[in-house]
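Per-entry structural report
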Amino acid sequence: MAAVRRLSLTTAALRTVGPWARGRLLAASRGPQARREASSSSPEAGEGQIHLTASCVQRLLEITEGSEFLRLEVEGGGCSGFQYKFSLDTVINPDDRVFEQGGARVVVDSDSLAFVKGAQVDFSQELIRSSFQVLNNPQAQQGCSCGSSFSIKL
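Notes on the structure in this doc start here. (Residues numbered from 1 in each chain as written. Predicted model: local features only at pLDDT ≥ 70, side-chain atom pairs only at ≥ 80, totals over all residues. Heavy atoms only, no water.)

1. With respect to the overall build of the chain
As a reminder, the rule being used: Each helix corresponds to a stretch of at least 4 residues labelled H or I by DSSP, and each strand to a stretch of at least 2 residues labelled E; elements are numbered beginning at the N terminus. For every residue, the accessible area (1.4 Å probe, protein chains only) is compared with the maximum for its type, and the residue is labelled buried under 20%, exposed over 50%, or partly exposed between those bounds. A contact between two residues is defined here by any heavy atoms of the two lying within 4.5 Å. Per-residue and other accessible areas were derived by the Shrake-Rupley procedure at a 1.4 Å probe size, with only the shown protein chains allowed to occlude residues.
From N to C terminus, the chain includes 4 helices and 10 strands. Ordering the α and β elements of the chain from the N terminus gives β-α-α-β-α-β-β-β-β-α-β-β-β-β. Taking all 154 residues of the chain together, the buried fraction comes to 41%. The long-range share in the chain, meaning contacts at least 24 apart out of those at least 6 apart in sequence, stands at 60%. For the chain, the exposed surface amounts to about 8200 Å²; the carbon and sulfur share of it is 53%.

2. Section: the nonpolar core
Among soluble globular proteins, nonpolar side chains are generally buried collectively. Under the convention used in this document: For the purposes of this section, nonpolar cores are sets of buried Ala, Val, Leu, Ile, Met, Phe, Trp, Tyr and Cys residues that join through side-chain atoms within 4.5 Å.
The biggest cluster of nonpolar side chains holds 26 residues, and the ones touching the most others in it are Leu72 and Tyr84. For this core, the elements supplying multiple residues, two or more each, are helix H3 (54-63), strand S3 (69-76), strand S4 (82-89), strand S6 (104-109), helix H4 (110-116), strand S7 (120-125) and strand S8 (130-135). Ranked by the residues each element gives to this core, the list is headed by H3, at 5 residues.

3. As for the sheet that holds S7
Stated formally: A pair of strands is labelled paired if DSSP reports no fewer than 2 bridges between them. The axes used here are C-alpha line fits, helices contributing only the stretch in contact, and every angle between their N-to-C directions lies in the interval 0 to 180 degrees.
In spatial order, the strands read S2-S7-S8; together these 3 strands make up an open sheet with mixed pairing. A strand with exactly one partner marks an edge of an open sheet, and here the two such strands are strand S2 (51-52) and S8. Relative to S7, H3 is tilted by about 70 degrees, and along the sheet it contacts S2, S7 and S8.

4. Overview of the pairing of S8
With 5 of 6 residues buried, S8 lies mostly within the body of the structure. Two elements, S7 and S8, share 6 bridges in a ladder whose sense is antiparallel. Bridge assignment links Val121 to a residue of S8, and that residue is Val134.

5. Topic: the pairing of S7
Relative to S7, S2 is paired through 2 bridges, and the arrangement is parallel. In the strand pairing of S7, Leu52 is matched with Val121. The antiparallel hairpin formed by S7 and S8 contains 4 residues in its connecting segment.

6. Some remarks on the packing of aromatic side chains
The line we're drawing: Pairs were defined over the aromatic rings of Phe, Tyr and Trp, the Trp ring being its six-membered one, requiring ring centres within 6.5 Å. Orientation was assigned from the angle between planes: stacked under 30 degrees, edge-to-face over 60, tilted for the rest.
Using the criterion set out here, one finds 3 aromatic pairs in the structure. Through a chain of ring-to-ring contacts, the aromatic side chains of Phe86, Phe123 and Phe132 assemble into a single cluster.

7. Quick word on the environment of Val107
Relative to the helices and strands, Val107 resides in strand S6. Note: C-alpha distance between Val107 and Asp96 (11 residues apart in sequence) is 6.4 Å. Not counting the four nearest positions on each side in its chain, Val107 is found in contact with Phe69, Leu70, Arg71, Leu72, Asp96, Arg97 and Val98.

8. As for the environment of Arg97
In this structure, Arg97 sits in strand S5 (residues 96-101). With 12 residues separating them in the primary sequence, Arg97 and Asp109 have C-alpha atoms 6.1 Å apart.

9. Some thoughts on the side chain of Ser124
As for its placement among the helices and strands, Ser124 is situated in strand S7. The class of Ser124 is buried, set by a relative accessible area of 12%. Beyond its immediate chain neighbours, meaning those up to four positions away, Ser124 contacts Arg129, Ser130, Ser131 and Gln133.

Encoded structure:
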């Protein structure tokens, strides 16, 4: 899909340290809020909500352009049965839920939301990688050490 630009964990890490990303980050630092809608809402606490950490909001404001947002999907696979998949997207589908905080948007389709409702989306920067991650997922029974795979509570 031309409207979708996939963002793998490796790409996120390269954007953080790659020299080609510096220009884009500098451009984003000139006023990412100016590109955002004037009114943004914070999701209230609730079971069907996705919560964004401050580091997630900050990173999304740095890397998204125009109408881009972070899409969170859950797919079968990984070492624990299900895995999180993050991508930058510009198309909101009828079955999507939009979670906005501080001008940053995360979109989750209704099927994936059943597996991540009540969780937090975070951006983590470490020496070995930088990535978006799902934290404190009340629907997950256990996860693998990499943080991108999980099994669900039955």
